[in-house]
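As a plain string of letters, each chain reads:
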Amino acid sequence: MPAPKPLRYKGRPVPYISVWSSERIELPKLTVVSGALALRGERRAAGVLWKPWRARLGVGEPALGDVHGPRQRECMLRKLCQVCGCQVVRDELGWPWLLEDDRGQDGWPEREVTTHPPTCETCQPVAQVQCDPNRGRFASVRVGRVVTDGVYGQMYRPGARPMPVGRERVVFAGDPGLRWMLGGQIAATLLDVTVVDMRTQAPVSQETVRG
Ligand SMILES: [Zn+2]
């Protein structure tokens, strides 16, 4: 079976989770229902109000830096590669992932909270070199356990006329603040994380990790 390939636009690979221009929707009117943020015509699914998007993958022009919320959540929940959209395959150390390389920071990469879905081995060099403006600042890891109980989004000030407040951030399930958030993406907590060599997927030594 040939390796799956990401969509391309003008010769450049476009990640599966990137937004295409035809997918943007003007935000419906924000209201308050039962003491929680609401959007006219949108449902609050399982306690989270999600920002709406159209699903028109590949139609129009891609915005590489913008993330399509529903596809990001699909990748997190079904363990799909964020670049090509294929199912990632687990090995004895766990799922393949790319993380911002924060080696040297205490505890990194265990319990890292991230909005990046998994990235398959084939796509990792592509993602690092061509898809992301922060090229070269990524580490390849294997993740043994993934807890998807965070929501990354915009908080709103409670009240009859909800107004955005602060920068986008992560709120976890059970936090009453979730009632006043417009959710964008799932944030996952990564556990049992092993740093590996991007090419061989073999674990790298602790000394290397500590930098
Ligand atoms: Zn892939």
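Residues numbered from 1 in each chain as written. Predicted model: local features only at pLDDT ≥ 70, side-chain atom pairs only at ≥ 80, totals over all residues.

1. Digging into the overall build of the protein chain
When you go through the protein chain residue by residue, the secondary structure sums to three helices and 13 strands. For a compact globule of 211 residues, the expected C-alpha radius of gyration is about 17 Å, and the protein chain comes in at 18 Å, within 12% of that figure. A principal-axis box enclosing the C-alpha atoms of the protein chain has dimensions of 55 × 40 × 25 Å. Put simply, the protein chain has 211 residues, and 36% of those count as buried. In the protein chain, the proportion of contacts linking residues at least 24 apart, taken out of those at least 6 apart, comes to 71%. (Helix = DSSP H or I, 4+ residues; strand = E, 2+ residues; numbered from the N terminus. Rg over C-alpha atoms; globule rule 2.2 N^0.38 Å. Buried ≥ 20, exposed ≤ 12 C-beta atoms within 10 Å, placed from the backbone. Contact = placed C-beta atoms within 7 Å.)

2. Focus on the environment of Thr115
Among the secondary structure elements, Thr115 is positioned in the loop between strand S9 (112–114) and helix H2 (124–131). In this structure, the C-alpha to C-alpha distance between Thr115 and Ile186, residues 71 residues apart in sequence, is 6.1 Å. In this structure, Thr115 is in contact with Tyr152, Gln185 and Ala187, ignoring residues within four places of it in sequence.

3. Topic: the nonpolar core
Counting 42 residues, the largest nonpolar core has Cys81, Trp97, Val141, Val143 and Val151 as its most contacted members. Elements with a contribution of two residues or more to this core: strand S3 (18–20), strand S6 (49–50), helix H1 (69–78), strand S8 (95–100), strand S10 (138–157) and strand S13 (181–196). Broken down by element, the residue count for this core peaks at nine residues, all from S13. Other than its neighbours up to four places away in sequence, Val141 contacts Trp97, Leu99, Pro109, Val193, Thr194, Val195 and Val196. (Core = buried A, V, L, I, M, F, W, Y, C linked by C-beta atoms within 7 Å.)

4. Regarding the confidence of the model for the protein chain
Of the residues in the protein chain, 92% have a pLDDT of 70 or more, and the chain-wide mean is 91. Model confidence for the protein chain, summarised as mean pLDDT per element, is weakest for helix H3 (residues 206–210) at 61 and strongest for H1 at 98. (pLDDT = per-residue confidence, 0-100.)

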